[in-house]
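# Reading the structure
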Amino acid sequence: MALLVVTTVAAQNGKDARIKEIRTAYSQAKKKIDQNGKGGKSPKDMHIILNHLDDEDVPLYTEMTLDYYFDESSTDGVTKKQPYFIVENWTCHGHLRYREILVNPKNQKVMFCYMKGETDGGFVVETRYYYDINGKCIEAKHNTENTWTSDGSELENAEYYLKIFNMATYNGYFSPLEADAKGKTTMPKAQRMQQIRSIYAQAKDKIAKNDKAEMPNDLHITIHDLGDDQPPRTTEIKMYFDDVCYFISHRSSSMSMDGYSEYLFDPQGESLIFSYTRGREEGNEYEWRYYYDENGKCIETKSNSDETDDGFYDKRAAKDFQAIFRIVVSEGAD
């Protein structure tokens, strides 16, 4: 009996110490966020904005923002991004949801999850989950028994958002690039290029209309990083879609560089059919245009540079962006 009491007291003391540690880390994270980008230091954050209209009998329009805050460290020339806090704001058809996720930046382990959700009828759910170093929930607090979350679902959701972060920042993630398909080419080169240019013009027209729409379909990602020993850099990724993703643009810029790329996909949203890249180096500006056949093979290269690669790196980048699109838009979060 005495042993049971001692063990229970030790467990409670361990739990109390862990919750105190989490609350201290939470307070420190909030202070870091408040100082992010201030005091002459570059911001280190990533913002995702998703606008999505489900074309159903009763259209549902979803708006979601994800804000990530991170540190950076370099070892042997390899830079590692270390997220420590994630904020979600989500709304759909009068339903509102707000989330905070506290992460241990050393190992990306989730420490704490907070969620407040409200329906258009005014029903409010508020939850708090505290986790130990192994991801086991040690404390759960609810404002009502009628909650739609659990410690497991919130942890799973947090890990899903961390996966998005690692994919979007290339934080140890790269899509494997498959070999070009070996199917038969059915369209003459000149006709194929004319078709690609027509699809490109149609995509640009759709984008212009989408940008003016009250309920657009697009996914925007903005990343601010570097800056400690390099000029601050901003990366902007824009993805446009209806039933499928049909166009992606990517810009990375700082005081010392400016790079821009475009990726055009076939009407089914699977195959890359055209890519464009522009970059500035040592005062010179270079451009590359790659046109691809139905099997992903480059059939035409237009560039003012002697260095070309038949679109190999463009195809890899397009593959990575498509993977991000699928996990954010197609898979979604609870």
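As the structure is a prediction and not an experimental result, all values here were calculated from the model.

## A look at the overall build of the protein chain
Counting secondary structure elements, the protein chain contains four helices and 14 strands. Along the longest, intermediate and shortest principal axes, the C-alpha atoms of the protein chain span 85 × 55 × 40 Å. Contacts in the protein chain between residues at least 24 apart in sequence constitute 46% of all its contacts with a sequence separation of at least 6. When the accessible surface of the protein chain is split by element, carbon and sulfur atoms take 49% of a total near 18,500 Å². Distance between charge centroids for the protein chain: 3 Å, based on 42 positive and 56 negative side chains.

## Focus on the side chain of Asn210
In this fold, Asn210 is placed in helix α3 (residues 189-212). A polar contact is formed between the side chain of Asn210 and the backbone nitrogen of Asn217, at a distance of 2.7 Å. Side chain to side chain, Asn210 and Asp218 meet in a polar contact 2.9 Å long. For Asn210, the contacting residues outside a window of four places in its chain are Pro216, Asn217, Asp218 and Tyr240.

## Brief notes about the pairing of strand β3 (residues 78-92)
Note that strand β2 (residues 60-75) and β3 share 14 bridges and pair antiparallel. Each bridged residue has a counterpart across the sheet, and for Leu66 the counterpart in β3 is Glu88. Where β2 folds back onto β3 in an antiparallel hairpin, the turn is made up of two residues, including Asp76, whose phi is positive at roughly 55 degrees. With eight bridges connecting them, β3 and strand β4 (residues 95-104) associate as antiparallel partners. Within β4, the residue paired with Phe85 across the bridge is Leu102.

## Let's talk about a negative patch on the surface
Residues Glu281, Glu282, Asp306 and Glu307 make up a contiguous surface patch of negative charge. By secondary structure assignment, the location of Asp306 is in the loop between β14 (298-303) and α4 (312-331).

## What to know about the nonpolar core
Core analysis: the biggest nonpolar cluster contains 47 residues, and Tyr68, Tyr161, Met239 and Val328 have the highest contact counts within it. Not counting chain neighbours up to four residues away, the residues in contact with Tyr68 comprise Lys44, Asp45, Met46, Ile48, Phe85, Ile86, Tyr161, Ile164 and Phe165.

## Some details on the layout of surface pockets
With a probe scaled to a water molecule rolled over the atoms, the places where space remains empty come into view. The volume enclosed by the largest pocket comes to roughly 1,000 Å³. Lining the largest pocket are 35 residues, and of these His250, Met257, Gly259, Ser261 and Thr277 sit closest to its centre. At the level of elements, β8 (218-225), β9 (233-241), β10 (245-253), β11 (258-265), β12 (272-281), β13 (284-292) and α4 are the ones that each hand at least two residues to the lining of the largest pocket. Each residue belonging to the lining of the largest pocket can be placed in one class, and the counts come to 13 nonpolar, eleven polar and eleven charged.

About the criteria used
- Residues numbered from 1 in each chain as written.
- Predicted model: local features only at pLDDT ≥ 70, side-chain atom pairs only at ≥ 80, totals over all residues.
- Heavy atoms only, no water.
- Helix = DSSP H or I, 4+ residues; strand = E, 2+ residues; numbered from the N terminus.
- Contact = heavy atoms within 4.5 Å.
- Areas by Shrake-Rupley, 256 points an atom, 1.4 Å probe, with all protein chains shown as cover.
- Lys, Arg positive; Asp, Glu negative; His and termini not counted.
- Charge placed at Lys NZ, Arg CZ, Asp CG, Glu CD.
- Polar contact = N/O pair within 3.5 Å; in protein donor to acceptor, adjacent residues only side chain to side chain.
- Pairing = 2+ DSSP bridges.
- Patch = residues over 30% accessible without salt bridge, like charges linked within 9 Å, V, L, I, M, F, W, Y side chains within 5 Å.
- Salt bridge = Lys/Arg side-chain N within 4 Å of Asp/Glu carboxyl O.
- Core = buried A, V, L, I, M, F, W, Y, C linked by side-chain atoms within 4.5 Å.
- Buried < 20%, exposed > 50% of the residue type's maximum accessible area, 1.4 Å probe, protein only.
- 1 Å grid on protein atoms, 1.4 Å probe; cavity = no way out; pocket = protein on both sides within 12 Å on 5 of 7 lines; lining within 4 Å.
- Points joined across faces, edges and corners; volume = space filled by probe spheres on them.
- Nonpolar A, V, L, I, M, F, W, Y, C, P; charged D, E, K, R; others polar.

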